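# Geometric and topological summary
What follows is the residue order along each chain.
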Amino acid sequence: MTTRNASQGILADDNAEQRARIVELLTKSYWMEIETVMSYIANSTNPDGVRAQEIIESLKADVQEELGHAQAFADRIKELYGVVPGSMDFKAEQTYLQPPEQQTDIVHIIRGVIEAETGAIEHYNLLIEETDGVDPVTQDMIIAILRDEEQHRRLFEGFLREYEAEGRA
Ligand SMILES: [Fe+2]
Ligand SMILES: [Fe+2]
């Protein structure tokens, strides 16, 4: 008895082209999450000061969530017959999340986090569009991750508002 290929859905031979496109977008998502993990580790460790503690705690928790996202993207790449890339393919892009000159400069970090989350929100909205009617399983996964990023962004927007209200941002 021969093994049948999937005849329906994103794993079907007929959908190879769309599948390749989705794997490409998932790979970009994977790298974005990996870089966010690096940036959030640094920025949840470097800050000094009483007021930094809330940011430190929040970013430390986010590191685990972003790592979970990276692993979810890796799993989905594999399920779609892709290969999770090696570290030599990594290209850093988060210029805005480099350590500030002063480690008490919390506003720099808050703005950087908002920028990173906004970039993720934009990319995941694109993925939701590209998978619509094509790959509902990937779309479902992205929708759940998108909610996490929206929560992260909203939380840091609140932090920024506080600093702005005090004239510190
Ligand atoms: Fe994430
Ligand atoms: Fe996030």
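Anything mentioned here points back to the structure above.
Residues numbered from 1 in each chain as written. Chains lettered and ligands numbered in written order. Predicted model: local features only at pLDDT ≥ 70, side-chain atom pairs only at ≥ 80, totals over all residues. Heavy atoms only, no water.

## As for the overall build of the protein
What the protein contains, in helices and strands, is four helices and zero strands. Starting at the N terminus and ending at the C terminus, the protein contains elements arranged as α-α-α-α. Within the protein, the fraction of its 169 residues that count as buried is 43%. Considering only contacts within the protein whose residues lie at least 6 apart along the sequence, 76% involve residues at least 24 apart. Working note: accessible area of the protein is about 9,800 Å², and carbon and sulfur atoms make up 50% of it. Both charge centroids of the protein, one from 15 positive and one from 33 negative side chains, sit 1 Å from each other. (Helix = DSSP H or I, 4+ residues; strand = E, 2+ residues; numbered from the N terminus. Buried < 20%, exposed > 50% of the residue type's maximum accessible area, 1.4 Å probe, protein only. Contact = heavy atoms within 4.5 Å. Areas by Shrake-Rupley, 256 points an atom, 1.4 Å probe, with all protein chains shown as cover. Lys, Arg positive; Asp, Glu negative; His and termini not counted. Charge placed at Lys NZ, Arg CZ, Asp CG, Glu CD.)

## Concerning helix H4 (residues 136–165)
The end-to-end C-alpha distance of H4, which contains 30 residues, comes to 43 Å, matching closely the 44 Å that a straight helix rising 1.5 Å per residue would cover. Restricting attention to buried positions, one finds in H4 the residues Thr 138, Gln 139, Met 141, Ile 142, Ile 145, Leu 146, Glu 149, His 152, Phe 156, Phe 159, Leu 160 and Tyr 163. In this fold, the buried residues of H4 make contact with helix H1 (16–43), helix H2 (52–79) and helix H3 (106–131). The positive-phi residue at the C-terminal boundary of H4 is Gly 167, with phi of around 70 degrees. (Expected span 1.5 Å × (residues − 1).)

## Section: the packing of aromatic side chains
A full pass over the atoms with the stated rule returns four aromatic pairs. In this structure an aromatic cluster arises from ring pairing among Tyr 30, Trp 31 and Phe 90. Between the NZ or CZ atom of Arg 51 and the centre of the ring of Tyr 163, over which it lies, the distance is 4.6 Å. (Phe/Tyr/Trp six-rings, centres within 6.5 Å; stacked < 30°, edge-to-face > 60°. Lys NZ or Arg CZ within 6 Å of the ring centre and 35° of its normal.)

## A short note on the coordination of the iron ion (ligand 2)
With distances of 2.0 to 2.3 Å, the protein atoms coordinating the iron ion (ligand 2) are Glu 66 (OE), Glu 117 (OE), Glu 117 (OE), Glu 149 (OE) and His 152 (ND1). Within one chain, the residues donating to the iron ion (ligand 2) are spaced in sequence as E-x50-E-x31-E-x2-H. Here the iron ion (ligand 2) and the iron ion (ligand 1) are spaced 3.9 Å apart, linked through Glu 66, which binds each one. Remark: His 152 and Glu 149 occur in helix H4; sequence separation between them is three residues, near one turn of the helix. (Donors = N, O, S within 2.8 Å, 3.2 Å for Na, K, Ca; no water.)

## Regarding the pattern of salt bridges
This structure, assessed with the given rule, holds nine salt bridges. A salt bridge links Glu 162 to Arg 51, with the nearest nitrogen and oxygen atoms 3.5 Å apart. One end of the pair, Glu 162, is in helix H4; the other, Arg 51, is in the loop between H1 and H2, with 111 residues separating them in the sequence. Here the salt bridges do not stand alone but share partners, grouping Arg 51, Glu 162, Glu 166 and Arg 168 into one network. (Salt bridge = Lys/Arg side-chain N within 4 Å of Asp/Glu carboxyl O.)

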